[in-house]
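Notes for the structure review
Each chain, written out:
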Amino acid sequence: ELRGNIIQYYEYRFPDRKLYDLQKVLSELPRSIQEDLVVHVYRDVIRASPCLQRLRSSALGDVCLRLQQEYAARGDQIIRGGAEPDGIYFIRAGQVLVTRGGETVRILKQGDAFGENC
C-alpha cells in the first residue's frame, strides 16, 4: 500500500513526467514573470474557481504565488471535524469525501474548493 501511495503521489505531482522544482524556477525570475508563470501553472484551478476568477489580474498573480500544492492519499484526513481550516483547499484532481459521524455527506471533485470561505 505504501508503494502504491508513493507511485500515486508522483503520478499526480508530475503527470507529464517532467521533473522540475517550481519554487526554484520562480526564485530566479523577476516578480512580474513569476506571477505570469504561476497563473499559467494554476490555470485549471483558476478556471474552476469562481472566487479566483473574480480577482483582478494583479491580485490573482499574488494569490497564485502563495498557493502550495499538497497531496493527500486515499483515506488521508485533510481537516478534522470541528477544526478550523488553515486556508482554502482547491481540488485539482481526484475527489474528497466529506464525512460526519462516519457517514459520507458530500463528495467534492476536481474544481471544488473547501476550507475558509472564499
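Residues numbered from 1 in each chain as written. Predicted model: local features only at pLDDT ≥ 70, side-chain atom pairs only at ≥ 80, totals over all residues. Heavy atoms only, no water.

1. Points about the packing of aromatic side chains
What counts is decided by this rule: Pairing of aromatic rings covers Phe, Tyr and the six-membered ring of Trp, with a centre-to-centre limit of 6.5 Å; geometry is then stacked below 30 degrees between planes, edge-to-face above 60, and tilted otherwise. Here a strand is any run of E in DSSP of at least two residues, a helix any run of H or I of at least four, and the numbering for each starts at the N terminus. In this scheme, a residue with accessible area under 20% of its type's maximum is buried, one over 50% is exposed, and one in between is partly exposed, where area comes from a 1.4 Å probe on protein chains only.
Considering all chains together, one arrives at 1 aromatic pair under this definition. With a centroid separation of 5.1 Å and 10° between ring planes, the pair formed by Tyr-89 and Phe-114 is classed as stacked. Of this pair, Tyr-89 sits in strand β1 (residues 88–90) while Phe-114 sits in strand β4 (residues 113–115), and the two are 25 residues apart along the sequence. Residue classification places Tyr-89 among the buried residues on the basis of a relative accessible area of 17%.

2. Overview of the pairing of strand β2 (residues 95–100)
Here is the rule: Two strands make a pair as long as DSSP finds a minimum of two bridges between them.
Pairing of β2 with strand β3 (residues 103–109), which is carried by 6 bridges, proceeds in the antiparallel orientation. Bridged to Thr-99 within β3 is Thr-104. Between β2 and β3, which pair antiparallel in sequence order, lie 2 residues; one of them, Gly-101, sits at a positive phi of approximately 60°.

3. Focus on the layout of surface pockets
To be explicit about the condition: Cavities and pockets are found on a 1 Å grid laid over the protein atoms alone: a cavity is a set of points where a 1.4 Å probe fits but cannot escape, a pocket is an open set with protein on both sides within 12 Å along at least five of seven lines, and a lining residue has an atom within 4 Å of such a point. Grid points are joined across faces, edges and corners, and a volume is the space filled by probe spheres set on the points. Under the convention adopted here, Pro, Cys and the residues Ala, Val, Leu, Ile, Met, Phe, Trp and Tyr are nonpolar, Asp, Glu, Lys and Arg are charged, and Gly plus all remaining residues are polar.
By volume, the largest pocket is sized at about 1800 Å³. Going through the elements one at a time, α1 (2–13), α5 (50–53), α6 (57–66), β1, β2, β3 and β4 are the ones with two or more residues in the lining of the largest pocket. Its residues assigned to classes, the lining of the largest pocket shows 27 nonpolar, 12 polar and 9 charged.

4. Points about the packing of helix α3 (residues 31–41) against α6
Basically, it comes down to this: Convention adopted: a line fitted to C-alpha atoms gives each axis, helices being fitted over their contacting stretch, and angles between N-to-C directions are expressed from 0 to 180 degrees. For classification, angles of less than 35 degrees are called roughly parallel, those exceeding 145 degrees roughly antiparallel, those between 65 and 115 degrees roughly perpendicular, and all remaining angles oblique. The contact definition used throughout considers only heavy atoms, calling two residues in contact when any of these lie within 4.5 Å.
Packing of α3 against α6 brings their axes to within 8 Å, and their N-to-C directions diverge by 80°. Classified by the interaxial angle, the pair formed by α3 and α6 is roughly perpendicular. For the pair α3 and α6, contact is made by Arg-31, Gln-34, Glu-35, Val-38 and Val-39 and by Ser-58, Leu-60, Gly-61, Asp-62, Cys-64 and Leu-65, respectively. In terms of residue class, the contact of α3 with α6 is built from 5 nonpolar, 3 polar and 3 charged.

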